[in-house]
Structure formats: structure tokens, C-alpha cells
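# Working through the structure, step by step
Below, each chain spelled out in residue letters.
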Amino acid sequence: MTREADASTRVAAKAPALSGAAAGVASVVLGAGIGELIAATVAPSASPFAVIGGTLIDLAPPWAKDAAITLFGTADKLALLIGIAVVLLVLAALVGVLELRRPWYGVVVFAALGAGAALLAMLRPEPVALAWLPSLAAGLIAATALALLTQLARARTVSPPAGDDAGASPDAEPSVPDGPEGGSRMPVATTRRRFLAWTGAAAAAGVLAAIAGTALQAGARTVTAVRQALRLPAPAVAAPAVPAGAQLDLTGMTPVVTPNASFYRIDTALVVPQVDPSDWSLRIHGLVENEVEIGWDELLALPLEESWTTLACVSNPVGGDLIGNAKWLGYPIRRLLERARPTSDADMVLSRSIDGFTASTPLEVLQEEGRNAILAVGMNDEPLPAEHGFPVRMVVPGLYGYVSATKWVTELEVTRFDKATAYWTTRGWSAKGPIKLQSRIDLPRSGQGLSAGDTTIAGVAWQQHVGIAKVEVQVDGGPWREATLASAISDDTWVQWSIPWTAERGAHEIRCRATNTAGELQTEADAWPAPDGATGWQQLNVDVS
Ligand SMILES: Nc1nc2c(c(=O)[nH]1)N[C@H]1C(S)=C(S)[C@@H](COP(=O)(O)O)O[C@H]1N2
Ligand SMILES: [Mo]
């Protein structure tokens, strides 16, 4: 250690830890804010937060995903971002104190963190050319700011010149900070104010940059505009109309067709991929005799078909709401597979998204004549919303989303289950995921106050591609009574059910169970979502007053 550094270390030791912490936090806010702003303009998917969050999501053990969804539902991504921010700020405070005590140590830590995040950015799937830039810039800016701010903090602890600061009039000092350099000969109050002013300015600039970055999101703006201008072709085969009576006319009842805006969203993409249809193409390769590549215009020129399919997430707990029903517009995958001609040893299609997510779907399911397994471009008479896979996703009736419903899909690799493994399978979930028979009580709503008298118990039941034959309801352990099934749109969708109930004052326990068209009763055995879907009978407790 040089004599100068030694001296400054001794002096620094007198500075309060709080200024170090403040310097650390302000530096990181400045660096991260500018990093987000740079990302918004050059590489939205490479924002430092997106990179760290995306890496954490991919590294997270399977139980963590489950816990996150249980705790935060579809707000799990926001919760993760807040978590990262909190950890980062605590770390920043500690590093700031370190820098104050040991000059350059903290600076090196920040620079290294930035370089590390830049490296992670380049290791993400499909990194863009400048993926490394936002994180590296964030790290270097934070490091520089930390060096300057701690220098200021140290300066204020240097013994004041003759006399003390009592004589200095605070009002006489310039209110605009004049730079972090020098200052060691100024009165303590002055240097203190300069430190506070610069620290505050750094933090404020960081927050402004982050806000500007969010507002900018260049990539998102263009793709949103393209999507809004898009008119999908009319279907060659239209979906049947929703039968009269499919929707129960009861206040508060779940809509039988889920509006796009309230459709559940589950994916590993912290930043919604922005895919311009004119850049989109799908490649079918692997165990095929004829590799196929199809572009957006070519896909839209094909005879598109509409179909109703209820999508369900394997992570949906009994009674949960990670399920939705929509009218999809798309092209049958089996026709594209006919062009590609899979070889006889193939048994799986590994679909891949632009963001690296993969799903393993049995080849024979995709080839089935009677199954509407499609490459979807439309959802409820609109182009797919960005967060539901724009411009193209897969939809396969009867399979959980994680093994079939790849959004932003760009590749179908024809392969074998014993040769390739999909995203969630490497994290402990089953390679195959047929949807299990389930039923849910929607009315009365849990926690809703109910007054004694005649009311209706109602809900939904589903086992896509098998169909529901019967739903039964039990109150307070009494006899199972058969509910009335509403008309089903098809066996690929959920169906609503209802049963009258004369509610008496007091606490009650309602259960429901379904039977499918094959005559199988929904199992009572409780199972967790992992590894292949929850089972059990939902039990709803209501208080009648
Ligand atoms: N690219 C991509 N596609 C994906 C996923 C994902 O993480 N990434 N998640 C899957 C899962 S687990 C489900 S349940 C469905 C959910 O589709 P939705 O968000 O449109 O409801 O998308 C599937 N497709
Ligand atoms: Mo899912």
C-alpha cells in the first residue's frame, strides 16, 4: 500500500459508516438507472435487471417456482424484481462502507459486478449484439460514482482549518454543488453539504434515467405498433359459436370465454420478447426427411382454422385460477409435420421459443387428426397479445402449457424423449403432461359474505380433449348431489356447472368432484402441482349470516 493510500485509509476510518452506505446506494441507483436507460435504447432484453432476473429464474430450483407462484401468483415477476432491488441496495450499502474503509475495494467490487452481469447477458439465449453494454456501463458508472462520492465523504472528516465551522454561514455557501474534487480545506458543514448534494443528485439522476428507460422501451414500441396495425385473415374454418347457455347467468360467475386482458400469464420471460412478424420464421428440423422453414406471410396465406381450447398451467393448485379459455386462430401443426416427414424413430417435438424456453410434446399428439394442435396467431379475434406469444405460439388441447403451449415459438425440433429434455423437465417436472381431471367452485366466492336463503353453488370443470360427463357437490359431508352441466363449447374446453342450495346460517364446507366422459371419477387424493399436476377435491368454507 502506498503512503498516500495508507494516509487516506486512516483518515477514512473516521468517516461515519452511514456516509459510505449512502454513497454506495446512490452510486448503484445511478449506475442501474443509466444501465436500464441504455438497455431501453439498444437492447431491451439485456437490461441489467432482466439479465440478473432471467438468470435467477433459470437457475431457481423447481420448488422455488412453485413457492413464488403460490405466494405472488402472476405477480411473481414483480416480486422477483423487487427482491433483486432490495438485495442490490443492501449490497450497495455494504460495498459503500467497504470503500470508505478500504479505498478502491468497493470500486473494484462494483466494476466486477458490472462485468459479471455483462457476461451473464451474453450467456442468455439469443443475446443481441450489444447485450454486454448496459450491465458493463452500469458497473463502471457505479464504480466511478462510488470513488468520487467516498472521496467527498472522506474530505468532510478531515480536520477543519483553524477554528471551527461555527463561523461559516450556511447561507453564504453556493447551493449548487461545485464538484466532488478537492474540498478537504473547507469547513466541515460545507463539505458535508457538498457530499449530501452530490449523493442526492446521483440517486435522483439514476431514478430519472430508469423512468426514462421504462418510458422509452424502443423495441416494445415498434412491435406494439406493428401488432396494432395487423389485420388477421378470415378463418378458412370458423369456430362454432358459443352455445346458448354455456355461460351461466349468475352474478360474479367466471366468464366461459376469458378476455385476453385477464387471461393468466405464466412464463420465464422477465422482459416480454418483442418479435417483429417480418423477422419471424419457424424451422422444423431434426429427425425429418425434409427440413421445413416457414415465414410469417407464408403462414398467414395458409387456410387458418379457429378452435376453442382451454389452456391450463401445471402449477395450478386445486381451486386455483391458472386456467383460461379462448378462441384461437391458427394452422394445424400436423400439416406442417406432414411436409417435414418425421422419421419412424422420432417420438417427440421439442418446440423452442426465441427466449430459449423449450417444451416437449409427444409427436403422435401433434400428428393426431382429431386434435386441434395448432400454431396460433390469433386469440379471441385479435393478434396474440405480446405476453401471450406474439406473433406465433403453440396451443395443444389436453396438455399442460409447459409441455405444449410454447409462446414466441421459432423452432420445432423433431427428436426423441430419450435424446432431448425440455426446460421444466431438467428442473424436475415430468417430460409429459396430460391435463388431469379437475373441478373448481367459483360461487360462492371464497371469503364472500353470504346471507341465509336460496342461492346457487356454481363452478367449472375440465379435462381437455376428454370432456366432462358429470359434476357432483357435497355440503357439510352430506350426500353427493349431481349438479347441472351447462352446455360445453367442446370437449377441449372447460364447462360450467351449477346446483341450487338453501344456505342456512353458520359455517359450511362445500366440496365438488367431476367425472369425465370415460366414466372416471376425479381422484380425491391430494397431490402437489409438481411434478405433473395437482389433484384432489376442492373444499370451500363459507360463513352464512
Ligand atoms: N416461451 C415460453 N412459452 C411458454 C412458457 C414460457 O415460460 N416461455 N410457459 C408455458 C407455460 S408453463 C404455460 S402454463 C403457458 C401459459 O400461457 P399463457 O401465459 O398465454 O397463459 O405458456 C407456456 N409457454
Ligand atoms: Mo404452466
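Residues numbered from 1 in each chain as written. Chains lettered and ligands numbered in written order. Predicted model: local features only at pLDDT ≥ 70, side-chain atom pairs only at ≥ 80, totals over all residues. Heavy atoms only, no water.

### A word on unusual backbone geometry
Defined as follows: Secondary structure is summarised from DSSP: a helix means a run of H or I of at least four residues, a strand means a run of E of at least two, and numbering begins at the N terminus for each.
Cis geometry marks the peptide bond from Leu443 to Pro444, where omega comes out at -5°. Structurally, Pro444 is set in the loop between strand 11 (438-443) and strand 12 (453-462). Going from Ala530 to Pro531, the amide bond is cis rather than trans, its omega being 0°. Mapping Pro531 onto the fold places it in the loop between strand 17 (506-516) and strand 18 (539-544). With a phi close to 85°, Trp104 is a non-glycine residue in the positive phi region. Considering the arrangement of structural elements, one finds Trp104 in the loop between helix 5 (76-101) and helix 6 (105-123). Its identity as a non-glycine residue notwithstanding, Asp476 has a phi of 50°, on the positive side.

### Some thoughts on the domain arrangement of the chain
Here is the rule: Domain segmentation is taken from an automatic or database assignment of domains.
Domain boundaries assigned for the chain yield domain 1 (11-158 + 180-216), domain 2 (260-427) and domain 3 (438-544). Relative placement of domain 1 and domain 3: their C-alpha centres are 50 Å apart.

### Here's the deal with the site of ligand 1
What counts, and what does not: For this description, a residue counts as near a given molecule or strand if any of its non-hydrogen atoms is within 4 Å of it. Pairing of N or O atoms within 3.5 Å defines a polar contact, subject to two protein rules: one partner must be a possible hydrogen donor and the other a possible acceptor, and residues neighboring in sequence count only if both atoms are side-chain atoms. Calculation of accessible area relied on Shrake-Rupley with a 1.4 Å probe; when residues are assessed, cover is drawn exclusively from the protein chains displayed. In the scheme used here, Gly and all other residues not listed as nonpolar or charged are polar, with Ala, Val, Leu, Ile, Met, Phe, Trp, Tyr, Cys and Pro taken as nonpolar and Asp, Glu, Lys and Arg as charged.
Around ligand 1 lies a shell of 19 residues, among which Tyr264, Thr268, His388, Arg393 and Lys407 are the nearest. Here Thr268 contributes a backbone N or O atom positioned 2.8 Å from an oxygen atom of ligand 1. Between ligand 1 and Ala405 there is a distance of 3.0 Å, counted from a nitrogen atom to a backbone nitrogen or oxygen. Contact with the protein chains removes 100% of the 530 Å² of surface that ligand 1 exposes when unbound. Residues belonging to the shell around ligand 1 are distributed by class as follows: nine nonpolar, five polar and five charged.

### Section: the packing of helix 7 (residues 133-155) against helix 8 (residues 188-216)
For the record, the criterion: Think of each axis as a best-fit line through the C-alpha atoms, taken over the contacting stretch in the case of a helix, with angles from 0 to 180 degrees between the N-to-C directions. Roughly parallel here means an angle under 35 degrees, roughly antiparallel means over 145, roughly perpendicular means 65 to 115, and every remaining angle is called oblique. Note on convention: near helix rotated counterclockwise from far helix by under a right angle means a left-handed crossing. Clockwise means right-handed. Any two residues having at least one pair of non-hydrogen atoms within 4.5 Å are treated as being in contact.
Across the interface, helix 7 lies against helix 8 with an axial gap of 9 Å and an inter-helix angle of 160°. Judged on the interaxial angle alone, helix 8 and helix 7 are roughly antiparallel. Like other packed secondary-structure pairs, helix 7 and helix 8 cross with a definite hand, here left-handed. In contact with Leu149, Leu152 and Ala153 of helix 7, helix 8 contributes Arg194, Phe195, Trp198, Thr199 and Ala202. When the residues that make up the contact of helix 7 with helix 8 are grouped by side-chain class, the tally is six nonpolar, one polar and one charged.

### Quick word on the sheet that holds strand 6 (residues 358-362)
Convention followed: For two strands to pair, DSSP has to find at least two bridges joining them.
Overall, mixed pairing links the five strands, which are arranged 2-1-10-5-6 in an open sheet. Edge positions in the sheet fall to strand 2 (292-295) and strand 6, since each has one partner strand and no second. Direction aside, the axes of adjacent strands within the sheet are offset by 15° on average. With four bridges connecting them, strand 1 (residues 281-286) and strand 2 associate as antiparallel partners.

### Focus: the environment of Pro125
If you trace the backbone, Pro125 turns up in the loop between helix 6 and helix 7. Remark: the alpha-carbon pair of Pro125 and Cys512, spanning 387 residues in sequence, is separated by 44 Å.

### Remarks on the pairing of strand 13 (residues 468-475)
The test is simple: Only protein chains enter the accessibility calculation, which uses a 1.4 Å probe. A residue is then buried if its area is under 20% of the maximum for its type, exposed if over 50%, and partly exposed in between.
Across the eight residues that make up strand 13, a large majority, six, are buried. Bridge analysis of strand 13 against strand 17 gives seven bridges, and the strand direction is antiparallel. In the strand pairing of strand 17, Val475 is matched with Ile510. Looking at chain direction, strand 13 and strand 14 (residues 481-482) are connected through two bridges and run antiparallel.

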